[in-house]
Amino acid sequence: MDKNLNDQEVLLVVEKDSNELKAVTGLNEDGTPKTVKPEAKNEPDFLKVDKHSDVLENFFSNFMRQAKEPTHFHFFKVPLEKMESMTLALQELLKNPENPANKQILDEQRVMPENFASKQYQAIDESRINWEQLKSIGVTCDQLVNTNSLDKMLNWQKSPVLFPIQGDINGVHIQTDARLSFRENAEGELSLRVHSVRQQPELDVPLYGTQLTEQDKKNLLETGNAGRLIEFNVGKDKTINAYVSVDKLTNELVILNADKIKIPSELKGVKLSEQQKQELQEGKGVYLENMLSKNLKPFSATVQVNADKRGLEFQFPDAQKQAQNQSEKIKQGEIPNTFRKVKLSEDQKASLKDGYTVHISGMKDKKGKDYSGYMTLNKEQGKIDFMFPGQYKENLKAGLVIPDNRHKTQVAANNEGKKTEATKKVDEPMKEGQIQPTEKQEAKLTNGKEKLQFVAKYGYEGISSHPKGNEVFNTAFMEKYNLNNDYKNAQTIHYNSTFADTVAGTESMLADSKQYSEKMKDTASKELTKQEQKQEQQDEPKKSRGRKM
């Protein structure tokens, strides 16, 4: 290591809700800290801080300007010579950071970015939020947390998802889907801003007093971005040059001061020429080839500043063209064969075409987890609208959706225990769109072994959908084989999931319920194995006598 260790310190960073500290080496193109493991072998790469230098001021000034969620990171400063030992100690303290003793030590090493940034940045203090106002329009704190909205809103950004809004705001009754954000008024008071969904972008209405050109409108409709810097009058004798983009979730027009964007010298492994950087700064799209994804796979795309995303976005022309073609087909009444990579059945397509709201399952989120919800045909906008179970429940109460009778039979059977005359003897969960039971589902359970085989195969889901589940799988049977506690836990969690306000809450509960179901399957399987072994032991003497004879 450097011989002047006593004069140098290292900047460490940890992400929110983690205790894994890493050494900072610089900034990534998206403004997040670039890091390496805090080990001696990586010392040449460290961002070293001399006690009398302005390294921290420069670093945090850029960090606060470029990072979209600066409060997602926590920074600490430690002497270079003691880095490895202090890193281990701090990581232990971070396992319980709210402990008063731990907090005191952590605060002694903590570095607050806003104290070093040239332009003061202040995230919103959560205590300033008017939760009653949010509750009045049907939004709770849990909903914001579970949809990863709270952190973004505390950093002056819009919620990344739409919320079904119904209530009075500033004396006006509204009922719509909307993104949410916080803003300060002239008096410095924090207020809630509702970004409601519009049928289409309002391109003919002056934006901050400025009329968009025909080329601007064409660009916004085709790419979502105006493609140039536009001058706006935002106050008395105050003008700014800004980017203009369309919020793809709400169709709201968004402007972003050009001063907020810094074009990097390198993007996804491709070095930008001065001309490319200039064109990007001016709001134009630049096509870049052989960029590298996170998985180190090469790709090419058009790069452009997006005001709504507050940074650069990647556009794939072929995908956009395909989406536009599908939109036109939907406007003409043609239903696509798939939705979010799930193949639609003929029943689902027919119901959508007839104006019903249709249930769909088997979709996967970015983390590979399954989720489900409801689809409605939006012929005017040429798309299929999607809503999560909580949103569907609210819209159903308000009479805004028409339930699909085909799906109604399936949901009643699986979630409420209700079945049609044809399905009342079904012994396992019905599949999407199923009205008639299969031969397999009509099989009867006549003894303990068959019941255990059923539990080992279907778990809680099979029992809950059995028309005589409480009778066949009674308490005596469940307790005899140590299944009762897991069954009751799965049942309670699964029941509560129907009242979850968000899909994240529902998914989490269903995952917990499934764990108890899997435990039931495992217990039943072990009991069957135990019975088989016991039977073999009982049969062995008989076999021996047979051999002697």
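Structure's up top.
A short tour of the structure in this document, coming up. Along each chain, numbering runs from 1 in the same order as the chain's sequence is written. Residue-level local features of this predicted model are given only where pLDDT is at least 70; pairs of side-chain atoms are given and counted only at 80 or more, and the full residue set underlies all totals for whole chains, interfaces and linings. Each side-chain value is worked out from all heavy atoms of the structure, with water and hydrogens disregarded.

## Brief notes about the sheet that holds strand E21 (residues 370-378)
In space, the three strands of this open sheet follow the order E20-E21-E22, with antiparallel pairing throughout. Two strands lie at the open edges of the sheet, namely strand E20 (358-364) and strand E22 (383-387), each paired on one side alone. With strand direction ignored, the average angle separating the axes of adjacent strands in the sheet is 45°. At least two DSSP bridges between two strands are required for those strands to pair. Each helix is a run of DSSP H or I of at least 4 residues and each strand a run of E of at least 2, with the numbering of both proceeding from the N terminus. As judged from the five bridges shared by E20 and E21, these two strands associate in the antiparallel manner. Each bridged residue has a counterpart across the sheet, and for Lys364 the counterpart in E21 is Asp370. For helices, the fitted line uses only the C-alpha atoms of the stretch in contact; every axis is such a line through C-alpha atoms, and the angle between N-to-C directions lies from 0 to 180 degrees.

## Some points on the sheet that holds strand E17 (residues 311-315)
Read from one edge to the other, the open sheet built from three strands follows the order E15-E16-E17, with strand pairing classed as antiparallel. At either margin of the open sheet sits one strand with a lone partner, and together these are strand E15 (286-292) and E17. The sheet shows a mean angle of 45° between the axes of neighbouring strands, taken without regard to direction. Note: strand E16 (residues 298-306) against E17, five bridges, orientation antiparallel. The partner of Thr302 across the bridge, within E17, is Gln315. Working rule for contacts: check all heavy atoms of both residues, and any pair within 4.5 Å makes them a contact. In the packing of helix H8 (residues 274-281) onto the sheet, the strands contacted are E15, E16 and E17, and the crossing angle to E15 comes to about 120°.

## Remarks on the layout of surface pockets
Estimates place the volume of the second largest pocket at around 850 Å³. Of all elements in the fold, only strand E1 (8-15), strand E5 (73-79), strand E6 (110-111) and helix H6 (150-154) reach the threshold of two or more residues within the lining of the second largest pocket. Broken down by element, the residue count for the lining of the second largest pocket peaks at four residues, all from E5. Note on residue classes: Ala, Val, Leu, Ile, Met, Phe, Trp, Tyr, Cys and Pro are nonpolar, Asp, Glu, Lys and Arg are charged, and everything else, Gly too, is polar. Here the residues of the lining of the second largest pocket sort into 16 nonpolar, four polar and 10 charged. Cavities and pockets were defined on a 1 Å grid built over protein atoms only: a cavity is a set of grid points that admits a 1.4 Å probe from which the probe cannot escape, a pocket is an open set flanked by protein on both sides within 12 Å along at least five of seven lines, and lining residues are those with an atom within 4 Å of any such point. Grid points are joined across faces, edges and corners, and a volume is the space filled by probe spheres set on the points.

## A closer look at the environment of Gln453
The residue Gln453 is located in helix H13 (residues 448-465) in this model. Gln453 sits 68 residues away from Lys521 along the chain, and the two C-alpha atoms are 8.9 Å apart.

## Points about unusual backbone geometry
A positive phi angle, near 60°, is found at Asn290, a position not held by glycine. Tracing the backbone through its elements, the reader meets Asn290 in strand E15. If you check the backbone angles, Asn482 has positive phi at about 55° while not being a glycine. Note on placement: Asn482 falls in the loop between helix H15 (475-480) and helix H16 (484-497).

## A few points about the pattern of salt bridges
Only one rule defines a salt bridge in this text: a Lys or Arg side-chain nitrogen within 4 Å of an Asp or Glu carboxyl oxygen. All told, the structure shown has 26 salt bridges when counted by the stated rule. Of the charged contacts in the structure, one is a salt bridge between Lys41 and Glu39, with a shortest N-O distance of 3.7 Å. The partner of Lys383 in a salt bridge is Asp385, with the nearest N and O atoms 3.7 Å apart. Look at the salt bridges and you will find they share partners, linking Lys158, Arg179, Asp247, Glu252 and Asp308 into a network.

## With respect to the side chain of Gln157
With respect to the helices and strands, the residue Gln157 is situated in the loop between H6 and strand E7 (163-169). Not counting chain neighbours up to four residues away, the residues in contact with Gln157 comprise Lys68, Glu69, Lys152, Leu180 and Ser181.

## Digging into empty space enclosed by the protein
Space left empty within the atom packing is revealed by a probe, the size of a water molecule, rolled over the atoms. One pass over the full model with this rule turns up one cavity of 30 Å³ or more. Roughly 30 Å³ of volume is contained in the largest cavity. In this structure, the largest cavity is lined by Arg128, Asn130, Gln133, Phe182, Leu190, Ser191 and Leu192. Here the element with the most residues in the lining of the largest cavity is strand E9 (residues 190-196); it accounts for three residues. Partitioning the lining of the largest cavity into residue classes produces three nonpolar, three polar and one charged.

## Focus: the pairing of E15
Of the strand pairs in this sheet, E15 and E16 are connected by five bridges, and their pairing is antiparallel. When the sheet's bridge partners are listed, Tyr287 is paired in E16 with Thr302.

## A look at the packing of helix H2 (residues 83-93) against helix H3 (residues 100-109)
One can describe the packing of H2 onto H3 by two numbers: an axis separation of 10 Å at closest approach and a directional angle of 135°. Relative to H3, the element H2 is oriented oblique. Taken as a pair, H2 and H3 cross one another with a handedness that is left-handed. Of the residues in H3, those in contact with Met86, Leu90 and Leu93 of H2 are Asn102, Ile105, Leu106 and Gln109. Looking at the contact of H2 with H3 residue by residue, the classes come out as five nonpolar, two polar and no charged. Convention used here: angles under 35 degrees read as roughly parallel, angles over 145 as roughly antiparallel, angles from 65 to 115 as roughly perpendicular, and any remaining angle as oblique. Note: crossing handedness is left-handed where the near helix turns anticlockwise from the far helix by less than a right angle, and right-handed where it turns clockwise.

Everything listed here is a matter of geometry and, on its own, says nothing about what the molecule does.
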